[in-house]
Amino acid sequence: MPRFRPRALPTIGVALGAVVFGALGTWQLRRLSEAEEARVEWSARLAAPPFDATAPPGDPDVRRARVFGSPDWDRYLLLPNKVWGSQPGYELVVPVRTAGPVVLVNVGWVPADAVENLVARERAAGGDRLYEGLSRVYAESPDAGEGMPSEADGFRRYWRAISPDAMGQGVDVAPFAVVEGEALPERGVGPDEEPPIGGWRAAPRERPHLEYALTWFAILLSLIALWVHGSFQAGVNKEERG
């Protein structure tokens, strides 16, 4: 019967590989647990009653909210490079003047060639309006608009990401923004059919951590199997020479 003859250098390499791949697999399992905790936290926050934007809670992130006030369509903002289906467009953000600070409301996606007509229609409607949706807190990024074209009067209309304080451009803006619309289904499209197409995810974005973990553990097992096979083969070769 061939003897099991592990060799020093391959054994060291396998041990190092086992540590690395085992640690990566364990890390992904930990990330899976954290993702589940985040999903539970989101569900609890969404189940809370909507708050009025003039009296936000201490942590308004991932909470349903209502914003009542006058939208300022002269200072609308655009997030470019947004695609719906295969059609390019923008996410349209409007500052809403409330009884408290101005609140940025992301009213949804609009086609690139429909922005001016939609804004003109909304401006002509005038009056106060109630917006309902999901409140999100975004990390402030003063350079979120750097390199984007400005209007003739210096007003910066185009932004790579939402950054409330920077987007206020001198106006007192609430530290959160509201994504108008309803919760989107996990598959398919939301209820909006005509632009602006709004809506928000009812669960945090998740990566396939379980699949990642299984992949790392599979590599680990394959590495060990190759090492065992190589060690037995070394024993066979030694007996044949001896």
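Notes on the structure follow. Each chain has its residues counted from 1, following the order in which its sequence is written. At least 70 in pLDDT is required for a residue's local features to be given in this predicted model, at least 80 for side-chain atom pairs to be given and counted, and no such filter applies to totals for whole chains, interfaces and linings, which use all residues. Heavy atoms throughout the structure, all of them, feed into the side-chain values; hydrogens and water do not.

## A short note on helix H2 (residues 115-125)
Where we set the bar: Each residue is assigned to one of three classes by its accessible area relative to the maximum for its type, calculated with a 1.4 Å probe on protein chains only: buried under 20%, partly exposed between the two thresholds, exposed over 50%. Helix and strand assignments follow DSSP, with helices taken as H or I runs no shorter than four residues and strands as E runs no shorter than two, numbered in order from the N terminus. Think of it as the arc spanned by the lines of direction from the helix axis to the C-beta atoms. Whether two residues touch is decided by their heavy atoms; if any such pair falls within 4.5 Å, the residues are in contact.
Three or more residues of H2 are buried, namely Val115, Leu118, Val119 and Glu122. The buried residues of H2 occupy one face: seen down the axis, they fall within an arc of 95°. Counted as exposed and oriented over 90 degrees from the buried face of H2: Glu116, Asn117 and Ala124. Contact partners of the buried residues in H2: strand E3 (77-84), strand E4 (87-97), strand E5 (102-111) and strand E6 (129-136). One or two positions beyond H2, positive phi appears at Gly126, with a value near 60°.

## Structural notes on the environment of Gly108
Summarising the element assignment, Gly108 is placed in strand E5. For Gly108, a relative accessible area of 5% gives the class buried. In this structure the C-alpha to C-alpha distance between Gly108 and Glu180, which are 72 residues apart in sequence, comes to 6.9 Å. Residues contacting Gly108, with those up to four places away along its chain left out, are Tyr90, Glu91, Leu92, Pro196, Ile197 and Gly198.

## Quick word on the nonpolar core
Heads up, the condition is: In this text, buried Ala, Val, Leu, Ile, Met, Phe, Trp, Tyr and Cys residues form a nonpolar core when linked through side-chain atoms within 4.5 Å.
Counting 22 residues, the largest nonpolar core has Val67, Leu92, Val103, Val105 and Tyr131 as its most contacted members. In this structure, Leu77, Ile162, Ala166 and Val173 belong to the second largest nonpolar core, which totals 13 residues.

## A closer look at the pairing of strand E7 (residues 173-180)
What counts, and what does not: In short, DSSP must find at least two bridges between two strands for them to pair.
Across the eight residues that make up E7, a large majority, seven, are buried. Pairing of E5 with E7 involves four bridges; the strand directions are parallel. Counterpart to Leu104 in the pairing with E7 is Ala177. Looking at chain direction, E6 and E7 are connected through four bridges and run antiparallel. Following the sheet pairing, Gly133 is matched in E7 by Glu180.

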